[in-house]
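# Residue-level structure breakdown
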Amino acid sequence: MIDKILDQKALLIAFLAILILGGIASFSSLSKLEDPEVTVKAAVIATPYPGASALEVEKEVTDVLEKAIQQLQHIDYIESVSMPGMSQITVYIEGYVTMDELPQKWDHLRRKINDATSSLPAGAMNPIVNDDFGDVFGIFLALTSDGYSYKELDEYSEFLKNELLQVDGVKRINIIGQRTETVEIKFSSERFAAMGLNPMAIVQTLNDQGNVVDAGTVVAGTERIRIAPGSKFQSLDEIRNLNIQGSNGKSFRLGDVAAIERAFLTPQRSGFKYNNMASLGLAISMQSGDNIIHLGDRIDLSLAQLMKEIPAGIEVHKIYDQAAQVQSAIGDFTINLAESVAIVIVVLLLAMGFRAGLLIASSLVFTILGTFVIMGFLDMTLDKVSLAAIVIAMGMLVDNAIVVADGILADLAKGMDKKRAFVSAARQNAFPLLGATVVAVLAFMPMAFNTTAAGEFMKPMFYVLAISLSLSWVLAMIQVPFMASIFYKNGHKKGQGTGAKRNVYTGPVYRVFGGVIRFALWHKSMFVAATALVLVLSFSAFSLLNKDFFPQQEYNQFLVEYRLPQGSDIYRVEEDLELMTKELLQWDEINFVASSIGSSPVRYTLSRPMNSYNPRYGELIVEVKDGVRILDVITKAESHLIDKFPEGEIRYSQYSAMGGEYKIQAVFIGPDSEVLKRLASEAKELMHQDPDVVFVNDDWGNEIKVLSPVYSPVKGQRLNISRGAMASTLAMATEGMPIGVFYENNTSMPIMIKVDGELSQKPEIIESLPVWGNYSGFSVPLGQIIDTVAINSESYFVKRYNGQRAIKAQCDPARGFTAPLVLSKFKSDIEEIPLPDGYKLEWHGELKNSNTANQALMENLPLALLLMIIITIALFNNFKQPVIVFMIFPLAFVGIIVGFLVTRLNFGFLAIVGALGLIGMMIKNTVVLLDQINIEIKSGKIPVIGVIRAAVSRVRPVSLAALTTILGMFPLVFDDIFQSMAIA
């Protein structure tokens, strides 16, 4: 079969030419991303319940919706946050649910939520289901203005958004930091009292004039004509011209008794600044399958044209440009790939000679280019993981070619006929190499079915390795013999002698290695005992390794997460961030600082943590200049800022492909809030005792103050003033009460009615606040309808996990320490905290993520091992040699453990993946060696001699494969993500 294929020289030349041209074209056209696309299989259900406390929200909204959600299938877990006026539930779908199945799951979720809506209280609004909050917006821009109002800045941001949405490849654009514009009706309570006006008359008049009403239809002949009684308000002047009826029968023009102006919703829920300048962000996401580098070029070109239409003073700044990051990452990995290829080629040329080295190196190049071609056909993405897979596979890719080429050279040196020699080695090794290659691929198979986030991140590695290793076998069978027939058309070296009996393994290396093998065979007991001792010592030393789940990525940016005590004013957060930004911008190392209040701005990279809404929260995105060590800047910031903001907690975090929350989380679950807080307090005390721990807190935070004017039904009813009327008056006197919506073009603005007073700044005057009944023409001081005014305290957050209240006592390891190391110091102490009946403790954070990812990896390992065993049994048709094969792989851990002890790198998820690859390679080499032993024994040699001859004959291909693998991976030793895999 092989010799017939080799006779088709024109076809083979065309095939190889296609690989070259197609590989180059595919490399440039493949979709490119910074990280693999990892689907966030979660949806957020937000339900506003204005005026309700956190406990009321939990009981009346969150609990109702959670019970409905729990009826769904394929739910992994549910987390919820109940806060004053808002319920937020996050539903996580089980990992094995595919992307194609997710839309159906979200449809089922929406139906369950819709069915449960009828059970919600009257004041609760309709739940909003957001199933795309995990989208990554790879291009994040800041739009700043010099000398322009916010309104003008907002209009220009909308203009840019609408125009950039037309760019090919753009999926969605969000504007970050937009404030909600309102129409504000502000009146004086004293003036209204003097004129006998009730603010509720404004509400009634606006509803009468502004609501859409179906006026019916009339029949005219054969036509039915709809009656349209005019449109709603078209301008603010129409609102100003409304007539308001007073209790004394007089009417007043609304614009004469109240100020009607445009304003913004207060307090603001979010805000965004760039270098302390008022700013709006533009977050741009890419359509799946597009090329982020090409999209970045199209965005840049479009922006260059659009900025010509925007006046001077409006500027666009790049906060995060995934296109540039990908360009840099692919550039770096391309350099790594080129270095790896160059290293492998040099090693081959030195070890095998010029022609043989060039022969094997050409197979490597063809394999890599062919891999790009197949990736293009399969619509795969070129990212740091897929590129790293090619680098990692470098040594394994040349393994098949080395075996075949070495066999060809040996046959030629023995004097075998050239045509027969070119196909003999390929034919003889075809099935052993095929089986060994499949075994090597199966070693990485657990990654393909790992449904965790870490598994999703690493999944492309399996497919790229499967493609490249399979292709390397095909090319070893076809391309290596074909090109060998060209390189050695005049035979091997002259003067070497001929004859089938010639021994080609007589060099000094072969003689020394043969001596070692003989010594080991003559002293089997000693050798086995020494091997067992080394193995036991290595596994004993495993406990000495530094362990961590997933490495951090080295970016030129870091985050400063700032939290004031629960209940703090969001404007105080904004002021503190302005001071921090001002301080940081004075440093030479800083390129820019972007700030966001209320929540994280947007998920512009998969590697950044996301924090949901909390008015006490703000963060800085800090970018350092090129060549600056980011850890040096973080250390400097820690020492400079901690004393200047003693009331707040400042947490510094770098981007990480996995995680983002606190690394150590002890989760107490149970029914009573006070008990949970006590348990969390005890856990935090134990954490505080460890000097290697930082940022100790819990996720409920401190209780907040509540001003409680207690309504008296007796007093209120006597004056015809209800509790609802009192609440409406308080709303008007503080943040304003929404009473309608004003539409202008495509924009809707809430209409807010406010009392022009000082209550929001001076709560001590609350008892003197005028209060109106719904239909009364007079007002009375609030003090006349209440029993007392109390200052109470309550939880701002009530958090739940899978339908039960849960609180997290959490912390991070100090810099230079890992979470497993720190956790081991107090884990048992926390687990010994007495738990009342009905309470339990779970460990989340990095421990849960690591255990889940490793468990998912191990769950699929038995299947991979079973397939390996079946293949080896099929290859050898017995049980003895497969047992030998699998007795070898524990020895892989000797080198792995020594490597991590020497380098002191952290052993984690990626190291486990690297270990699986090493085991696959060892099994592959063992399979090929045992096959050669069988050949030697079948040729008539006694078993001992057959073992020695086979081992000696394989020393060069195995050593070269190992050496090329080691040196090919060397560039990855300096990569933040994959260095632990390279060491393994």
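Since this is a predicted model, take the numbers as computed values, not measurements. Residues take numbers from 1 onward in each chain, read along the sequence in its written order. Per-residue local features are limited, in this predicted model, to residues with pLDDT of at least 70; the limit for side-chain atom pairs, both in listing and counting, is 80 or more; totals at the level of whole chains, interfaces and linings are taken over all residues. The side-chain figures draw on all heavy atoms in the structure; neither hydrogens nor water molecules are used.

### A short note on the overall build of the protein chain
As a reminder, the rule being used: Only DSSP runs of H or I with at least four residues qualify as helices, and only runs of E with at least two residues qualify as strands; both kinds are numbered from the N terminus onward. Relative accessible area decides the class of each residue, using a 1.4 Å probe on protein chains only: under 20% of the type maximum gives buried, over 50% gives exposed, and in between gives partly exposed. Between two residues, a contact is recorded if the distance between any of their heavy atoms is within 4.5 Å. Every accessible area reported is derived by Shrake-Rupley at a probe size of 1.4 Å, with residue values counting cover from the shown protein chains alone. Positive charges are assigned to Lys and Arg, negative charges to Asp and Glu, while His and the chain termini are left out of the count. A single reference atom marks each charge: NZ on Lys, CZ on Arg, CG on Asp, CD on Glu.
Scanning the protein chain from N- to C-terminus turns up 31 helices and 34 strands. C-alpha atoms of the protein chain, sized along the principal axes, occupy 125 × 75 × 65 Å. Across the 984 residues that make up the protein chain, the buried fraction comes to 52%. For the protein chain, the proportion of contacts with a sequence separation of at least 24, taken over those separated by at least 6, is 79%. Element-wise, carbon and sulfur atoms account for 56% of the exposed surface of the protein chain, whose accessible area totals about 44,300 Å². Considering the protein chain, the positive charge centre built from 84 side chains and the negative charge centre built from 101 side chains are found 11 Å apart.

### Let's talk about the packing of aromatic side chains
The cut-off we apply is this: The rule is short: rings of Phe, Tyr and Trp, with Trp giving its six-membered ring, pair when the centres are within 6.5 Å, and they are stacked under 30 degrees, edge-to-face over 60, tilted in between. In this scheme, Lys NZ or Arg CZ marks a charge over a ring once it lies within 6 Å of the ring centre and within 35 degrees of the ring normal.
All told, the structure shown has 20 aromatic pairs when counted by the stated rule. Here the aromatic rings of F140 and Y604 are separated by 5.5 Å at their centres, their planes lie at 20°, and the arrangement is stacked. Here the residue F140 occupies a position in strand β6 (residues 139-145), and Y604 occupies one in the loop between β20 (590-597) and β21 (617-624), the gap between them amounting to 464 residues. Just as F140 is buried, Y604 falls in that class too. Through a chain of ring-to-ring contacts, three or more aromatic side chains come together here, namely F140, F272, Y320, Y555, Y604 and Y655. Over the ring of Y613 we find R269; its NZ or CZ atom is 3.8 Å from the centre of that ring. The aromatic ring of Y662 is capped on one face by R651, whose charged end is 4.1 Å from the ring centroid.

### Points about the sheet that holds strand β27 (residues 747-755)
For clarity, the threshold we go by: Two strands qualify as a pair provided that DSSP identifies no fewer than 2 bridges between them. Axis geometry follows a simple rule: fit a line to the C-alpha atoms, using only the stretch in contact for helices, then measure angles between N-to-C directions, giving values from 0 to 180 degrees.
In spatial order, the strands read β13-β8-β27-β26; together these four strands make up an open sheet with mixed pairing. Unpaired on one side and paired on the other, β13 (258-264) and β26 (737-744) mark the two borders of the sheet. In this sheet, adjacent strand axes meet at a mean angle of 30° when their direction is disregarded. With seven bridges connecting them, β26 and β27 associate as antiparallel partners. Each residue of the ladder has a partner; that of Y743, found in β27, is S748. On the sheet, helix α24 (residues 723-733) packs against β8 (181-187), β26 and β27 and is oriented at approximately 105° with respect to β27.

### What to know about the packing of helix α22 (residues 673-688) against helix α25 (residues 819-831)
Geometry of a packed helix pair, given as the angle between the helix axes and the separation of the axes. Using the following cut-off: For this classification, under 35 degrees means roughly parallel, over 145 means roughly antiparallel, 65 to 115 means roughly perpendicular, and everything else is oblique. Crossing handedness is read from the near helix: turned anticlockwise from the far helix by less than a right angle, it gives a left-handed crossing, and turned clockwise, a right-handed one. Residues are grouped as follows: Ala, Val, Leu, Ile, Met, Phe, Trp, Tyr, Cys and Pro are nonpolar; Asp, Glu, Lys and Arg are charged; every other residue, Gly included, is polar.
Interaxial distance between α22 and α25 falls to 10 Å at its minimum, and their mutual angle equals 155°. In terms of orientation, α22 lies roughly antiparallel with respect to α25. Our pair here, α22 against α25, has a crossing hand that is right-handed. In this structure, α22 uses A683, L686 and M687 to contact α25, whose residues at the interface are F826, D829 and I830. Grouping the amino acids of the contact of α22 with α25 by side-chain chemistry returns five nonpolar, no polar and one charged.

### Side note on the environment of A342
Position of A342 relative to the elements: it lies in helix α11 (residues 322-352). Between the C-alpha atoms of A342 and A361, which are 19 residues apart in sequence, the distance is 9.1 Å.

### Brief notes about the nonpolar core
Put simply, the rule is: Among the buried residues, those of types Ala, Val, Leu, Ile, Met, Phe, Trp, Tyr and Cys that are joined through side-chain atoms within 4.5 Å form a nonpolar core.
Core analysis: the largest hydrophobic core is formed by 148 residues, its most contacted members being M461 and F909. Among residues more than four places away in sequence, those in contact with M461 are V385, A388, A389, I392, M447, V913, F978 and M981. With 44 residues, the next largest nonpolar core counts M195, I202, V257 and L782 among its residues.

### A word on the pattern of salt bridges
Going by this rule: One side-chain nitrogen of Lys or Arg within 4 Å of one carboxyl oxygen of Asp or Glu is enough to make a salt bridge.
For the structure on display, the rule yields 43 salt bridges. One salt bridge in this structure joins R563 and E649, with 4.0 Å as the shortest N-O distance. In this pair, R563 is assigned in strand β19 (residues 557-563) and E649 in strand β22 (residues 649-653), connecting sequence segments 86 residues apart. Since its relative accessible area comes to 12%, R563 is described here as buried.

### Regarding the side chain of S472
Selection criterion: Nitrogen and oxygen atoms within 3.5 Å of one another constitute a polar contact, given that in protein one can donate a hydrogen and the other can accept it, and given that sequence-neighbouring residues count only through two side-chain atoms.
Among the structural elements, S472 can be located in helix α17 (residues 453-487). At 3.2 Å, the side chain of S472 and the side chain of N400 are in polar contact.

### Topic: the pairing of β21
Most of β21 sits inside the fold, with eight of its eight residues counted as buried. Direction of pairing for β19 relative to β21: antiparallel, over a ladder of seven bridges. Following the sheet pairing, V560 is matched in β21 by L620. The pairing of β20 with β21 spans seven bridges and is antiparallel.

### What about empty space enclosed by the protein?
In plain terms, the rule: Points on a 1 Å grid, built from protein atoms alone, make a cavity when a 1.4 Å probe fits but cannot get out and make a pocket when they are open with protein on both sides within 12 Å along at least 5 of 7 lines; residues with an atom within 4 Å of a point are the lining residues. Grid points are joined across faces, edges and corners, and a volume is the space filled by probe spheres set on the points.
With the rule as written, the count across this model stands at two cavities of 30 Å³ or more. Reported here for the largest cavity is a volume of approximately 70 Å³. Every residue along the wall of the largest cavity is listed here: G271, F272, K273, N276, E574, L577, E578, S595, S596 and I597. At the level of secondary structure, the elements contributing two or more residues to the lining of the largest cavity comprise β14 (271-274), α20 (570-585) and β20.

### Some details on the domain arrangement of the protein chain
Quick reminder of the rule: In this document the domain limits rely on a domain assignment from an automatic tool or a database.
As assigned here, the protein chain comprises domain 1 (1-30 + 353-490 + 504-549 + 851-983), domain 2 (41-133), domain 3 (198-256 + 704-795) and domain 4 (554-655). Using C-alpha coordinates to define each centre, domain 2 is positioned 31 Å away from domain 3.

### Comments concerning a nonpolar patch on the surface
Where we set the bar: Residues form patches when they are more than 30% accessible in relative terms and have no salt bridge. Like charges link within 9 Å. Nonpolar side chains (Val, Leu, Ile, Met, Phe, Trp, Tyr) link within 5 Å.
A surface patch of nonpolar side chains, about 390 Å² in accessible area, is lined by W522, I942, V944 and I945. Relative to the elements of secondary structure, I945 occurs in helix α30 (residues 943-969). Note on I945: relative accessible area 37%, which makes it partly exposed.

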